[in-house]
Each structure stands twice: as structure tokens, then as C-alpha cells.
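Close look at the chain arrangement
Each chain, written out:
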Amino acid sequence: MAKRSSGVIAKYENRWGLIVIIPIFIYFVFFSLVPVVMLFWYAAREYRIIWNINEFVGFQNFIDIFSNPDYYNSMLITLAMAMGIMAAGVIGGFFLALGMNSVVRAKGLYRTLWYIPALLPTAASSVLFNMMLRPDGNLNDILGTFGIEPIIWQNYTGWMYFFIILIITWKGIGNTALLFIAGLNSVSKDIYEASELDGCTGLRRVLFITIPLIRPMLGFILITGFMGALNVFEPVLFISGGGPHGSTKVILYQIYDEAFVNDNHGLASALSVVVLFFAFILTFISMKITDDSMLKFDENKKVKGVEA
């Protein structure tokens, strides 16, 4: 009797599980799988809406991409900007998490204030930053009080990199800090107390105890953060416009330029496919490195435990 009732319950749960999964599956098919299939279909065609051209060209779009040095340059610019965003975001988010975790009162208030920028649309934030950077903007007004002539920031590559990295870091540092806080809270306080008895405090404790113990969360932050850094678009569009002289023309801006300026949607789709494979390879490498480091860390803990 008990077996029959458990079987009925299992069938009931399976039916409800299917009911829950079906809408998610439909959403995945229509908003993830179908767009990807269409992307590959358009990548094999010369598709121009204005000129009413829709012809099958096979791999010609990919040949044009890999034979044009401008696309290599866009990918290098994207990687350089992504590395800057990752360095600023991860390091800043980690130390911000350490600071917020050490606060005794109003922890929720501090975390909320730092997370608010993540809720703002990137396009709106980029437009506000662009207004500040105009020749008659707020930043030049502040410099003018010190007798400094107005600076046309968009003419300087270094400043454009700095401001683009700044706005993306400002928007994402709160979310990164919250993820680090989750990792920090998973570390037992007994470990820190034991380290203090051994004289391991301050920066040494952060380097040799905290970071190794939150490595799974650090790996997750690095992978998701790097994928997000590769998707830089709005700040480039609204602040630098890809300039000066194409020095901030990241790969997504290149895709936008091909599709909506040059009316070459087939080539833009092929570029998107290249970025998709590139992101997949980088994600696989990052996950492999993280898994290997975690395996070595676990082996070292087991060896130390046996020795003890």
C-alpha cells in the first residue's frame, strides 16, 4: 500500500514538474534556440534590407572577416577593454566587499546604495556621462574653476578608455561586491581565529586564507564578469562613438556599424557567430582553469589533513 501511494505521489510530482518546465522550454526555444539558428542562417547570406538583397553566399562573409585586419583590431580592442574592466571590477569589488563585511551597523543600507547603479539602464547612464564630458559639461566646469581650459575628452584615446571602464565598473561593482560577500560569509570564522593565533593577519590572511577559500565564487565572478565585459556597447556608442580614429571600436560596435550603418546584416551576423564561438572558447578555458585550480586546492587540503 505504501509503495502504491508513493508511486502515485511520484507520478503527480512528475506531471506538475512537466507543467512547470514546458513554459520555460517554450521560452528557450523561441527566444534562444530560434534566434541562434536564424543567426547562422543570415551569416551565410548577403542580406541588405535597403538594397533588397538576400542571396546565399556560403562562407564568403567569414572569409571577408578573417581577411580584414579591421576586425582583428576590433577584437584586440575588445580584449584590452575587457581586461581593464575585469581588473577594476574584480579588485574593486573584492575590497569593497571586505569593507562592507566589516561594517557593524546599517549593512543593508550600504549594500543597497552600492547596488543602485546596477539597476540603472546602461544607455541612460552613458548619456549622462556623455553630457558631463562635453566641452560645456560639468567636468570642464569644475576644471574651469581651477583655471584649466576646456578639454575635448573624445579626442584622447586614453581618457575614452578610462571613462568607459569607469562607467562600467561603477555600474557593476555593487553586484560584484555582493557576490564576494556571499563567498566571504561562507568562510568559517574558526579559520580566521586559528590564523590569528598563528600570526597570519592583514594582507597575508587575505592572500593565503580568504582568496583560496572563496575560489569557487571568484571563478564564477571571473567567468560571468569576463562575458559581460565582452558585451561592452552602450558606453562606446554614446560616449566615444568608436573614436578617436576607431581606437575604441569594440566588436559589438563593429557589428552595429555593419548592420545599421553599412546595411550589411549578413556580415554583421557572421561577426556575431565569430564572437559567439570566441566567447564559448574563453568560457571553456576559464572554467577549465578554475576547475583545475580547485582540484589542486582540494588535494592540498587532503594532504595537509593527512599530515596533521
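As a reminder, the structure under discussion sits directly above these lines.
What comes next is a walk through the structure. This structure is a prediction, so every number in the text was calculated from the model and none was measured.

**Structural notes on the overall build of the protein chain**
Each helix and strand in the protein chain was counted, giving 13 helices and two strands. Evaluated residue by residue, the protein chain yields a buried proportion of 34% over its 308 residues. Sequence-distant contacts in the protein chain: of pairs separated by 6 or more residues, those separated by 24 or more amount to 68%. In the form shown here, the protein chain has an accessible surface area of approximately 19,300 Å², with 69% of it arising from carbon and sulfur atoms.

**Let's talk about the packing of aromatic side chains**
Summed over all chains, the structure comprises 18 aromatic pairs. The interplanar angle of 80 degrees and the centroid separation of 5.0 Å between the aromatic rings of Trp153 and Trp159 together place this pair among those described as edge-to-face. Assessed through its relative accessible area of 4%, Trp153 is described here as buried. For Trp159, a relative accessible area of 39% corresponds to the partly exposed category.

**Some details on the pattern of salt bridges**
The tally for this structure, following the rule as stated, stands at three salt bridges. Between Glu46 and Arg48 there is a salt bridge, with its nearest N and O atoms 3.2 Å apart. Of the charged contacts, one joins Asp257 and Lys249 as a salt bridge, the two residues approaching to 3.0 Å between their closest N and O atoms. Judged by its relative accessible area of 21%, Lys249 falls in the partly exposed class.

Cut-offs applied
- Residues numbered from 1 in each chain as written.
- Predicted model: local features only at pLDDT ≥ 70, side-chain atom pairs only at ≥ 80, totals over all residues.
- Heavy atoms only, no water.
- Helix = DSSP H or I, 4+ residues; strand = E, 2+ residues; numbered from the N terminus.
- Buried < 20%, exposed > 50% of the residue type's maximum accessible area, 1.4 Å probe, protein only.
- Contact = heavy atoms within 4.5 Å.
- Areas by Shrake-Rupley, 256 points an atom, 1.4 Å probe, with all protein chains shown as cover.
- Phe/Tyr/Trp six-rings, centres within 6.5 Å; stacked < 30°, edge-to-face > 60°.
- Salt bridge = Lys/Arg side-chain N within 4 Å of Asp/Glu carboxyl O.

Honestly, that's just the spatial picture; any functional story needs more than this.
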